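Each chain, letter by letter, is given below.
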Amino acid sequence: MRLTKLENDVVGSVFLTNSQIKRHNQEIRRWDLHGEVGLLFLNILLKISSLRSHSAKNRYYFPAAAGYHFRDVKNRVNFDIIMIMPEDSLLKFEIPEVIYGLGALSQIGKCCRRLGGERILLVTDPGLIAAGWVDESIKYLAQEDLQYVIYDNVVTNPRDFQVEQGLELYRQKNCDVIAAVGGGSPIDTAKGIGILTSNHGRIHEYEGANLVTQPIPPLVCAPTTAGTGADVSQFAVITNKRANLKMAILSRAITPDITLADPLLLKTKSPELIATTGMDTLSHAIEAYVSSLSWPLTDPHAIHAIELVGKHLVNAAQTKDMDALEGMSIACLEAGMAFSNAILGAVHALAHPLGGLYDIHHGLANSLLLPVVVRQNMEHALPKFAGIARALGAETRGKSIEAVAQQVPGQLQDLIAKLGLPTRLSQVGVDEADIPHLAQMAEEDICMLTNPHCYMKAEIESMYHEVL
Ligand SMILES: [Fe+2]
């Protein structure tokens, strides 16, 4: 049986199998325990663990010293308890080199050259070509005497076959560096192409954590939305077209080498796109802040990103004021740094199936689900939600932590109303009959593992129903 434990070690977040745990020299004990005795023992273990605990289905995750397998004979249930050795609890903070500021795109040629490039695969989409940013990028590549080829058949929620098309072009033209100019879709496609270039096989084989073992070619990103954080993260999400399923790939091997965060690129975006990608940024920041893997290097970035979104998002979407766009650009960077290293939570776990099944824009899917998930998560991370309320401008004087925290869902609803975004799943075509299937996929999504509470299928179904 595959044990899906999310470990946070010096190498990165990984899934471990039984054999891998043995390789880690951890002790595996097998005990057959009857019903309540087994559960009682489990509860004692969870209580004595002073560190964070986590559960999903019948798997329990918490840092301690060994791995256990329980079989609850009476209820015919298996429990897998995997504990992280103390030395594996070392933490890392992985980010690319960041070049920030108005006009940062002008560095794209120099950066590709600096990374050893001669022939560049430029991954983008038709919208970016129409906006003139690809011509601008080509000018900078030419200034460095770089050859280039463009792959632009990329759509929202990028598909597996698009990764394969891009790979074909990379190989045909004998490229040596990948540059991505665009939002999360071109950047994730570029990461997918990079994975297959050096790891071979099909992209489906790399779904999960740390399954990308070989370094990808140098990757330079110029993000054009203040949303996905794909330019700083070790995540890529690619749609399995045949199964209508979003595959989350998590590996430090796919963290870009350089990101060129240029707020000028946000100027050509529509108000709707600024709003939805901004809500994606807010979801990243909130989920990273309350994640069970959050830590002192991720928290300050997450909370500052929340503050910046509260201050700038409405203005950025409505007026494209440059100060507001700069604020959102920094918010996106910081939220990306935080979530790439603390991972995400139930908002993304529930949003991914909506993208896979209905092709709903990722930021919009998060926006629809954020208030309901926050309401459910509230009791599991109360002090952190009080911090979020403060960052979003809540009045805190004379109020208890609980009273402060309880303001967050209302603050989010106010923000979404000001942005004019839909608030019901039925408005974007979600069919009630699909909810059991959506909930099944959400329960198994990798992002659920780091939510402050792991929800079972029935609880997830009721969250979808609440927002239907
Ligand atoms: Fe996201």
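Each value, and the rule that gives it
Residues numbered from 1 in each chain as written. Predicted model: local features only at pLDDT ≥ 70, side-chain atom pairs only at ≥ 80, totals over all residues. Pairing = 2+ DSSP bridges. Helix = DSSP H or I, 4+ residues; strand = E, 2+ residues; numbered from the N terminus. Axes fitted to C-alpha atoms, helices over the stretch in contact; angles between N-to-C directions. Contact = placed C-beta atoms within 7 Å. Buried ≥ 20, exposed ≤ 12 C-beta atoms within 10 Å, placed from the backbone. Expected span 1.5 Å × (residues − 1). pLDDT = per-residue confidence, 0-100.

(A) Geometry of the sheet that holds strand E9 (residues 119–123). Taken together, the six strands give an open sheet; going across it, the order is E8-E16-E13-E11-E9-E10, and neighbouring strands pair in parallel fashion. Of all strands in the sheet, those bounded by a partner on one side alone are strand E8 (97–100) and strand E10 (147–151). In this sheet, neighbouring strand axes are inclined to one another by 20° on average, regardless of whether the strands run parallel or antiparallel. By the bridge criterion, four bridges tie E9 to strand E11 (residues 177–182) in an arrangement that is parallel. Across the sheet, Leu122 pairs through a bridge with Ala179, a residue of E11. Along the sheet, helix H7 (residues 184–199) makes contact with E9, E11 and strand E13 (219–223), crossing E11 at roughly 165°.

(B) Layout of the sheet that holds strand E14 (residues 235–240). On the basis of which strands lie adjacent, the open sheet formed by three strands has the order E12-E15-E14 and mixed pairing. On the outer flanks of this sheet lie strand E12 (208–209) and E14, each paired with one strand and no other. As paired elements, E14 and strand E15 (residues 245–250) share six bridges and run antiparallel to each other. From the neighbouring strand, Asn240 faces E15, where its bridge partner is Leu245. This element, helix H11 (residues 346–358), spans E14 and E15 of the sheet and lies at about 130° to E15.

(C) Highlighting unusual backbone geometry. In the Ramachandran plot, Asp145 falls in the positive-phi region, its phi being about 55° despite a non-glycine side chain. Along the polypeptide, Asp145 turns up in the loop between helix H5 (133–143) and E10. Take Asp145: there are 9 C-beta atoms within 10 Å of it, and that puts it in the exposed class. At Ile343, a residue that is not glycine, the phi angle is positive and equals roughly 65°. Along the chain, Ile343 falls in the loop between helix H10 (322–342) and H11.

(D) Layout of the environment of Glu164. Tracing the sequence through the fold places Glu164 in helix H6 (residues 160–172). For the pair formed by Glu164 and Thr189, sequence separation is 25 residues and the distance between their alpha carbons is 9.3 Å.

(E) H10, seen in detail. Under the 1.5 Å per step criterion, the end-to-end length of H10 is 30 Å for 21 residues, consistent within 8% with the ideal 30 Å. Here H10 lies mainly inside the structure; 18 of its 21 residues are buried.

(F) Structural view of the confidence of the model for the protein chain. Residues with a pLDDT of 70 or more make up 81% of the protein chain, whose mean pLDDT is 83. By mean pLDDT, the top-scoring element of the protein chain is helix H15 (residues 408–419) (98), and the lowest-scoring one is strand E2 (residues 13–16) (32). In this model residues 1–39 is a low-confidence stretch, pLDDT under 50, and it forms 78 contacts with partners more than four residues away in sequence or in other chains. Contacts from residues 46–88, a stretch scored under 50 in pLDDT, to residues over four places away or in other chains number 89 contacts.

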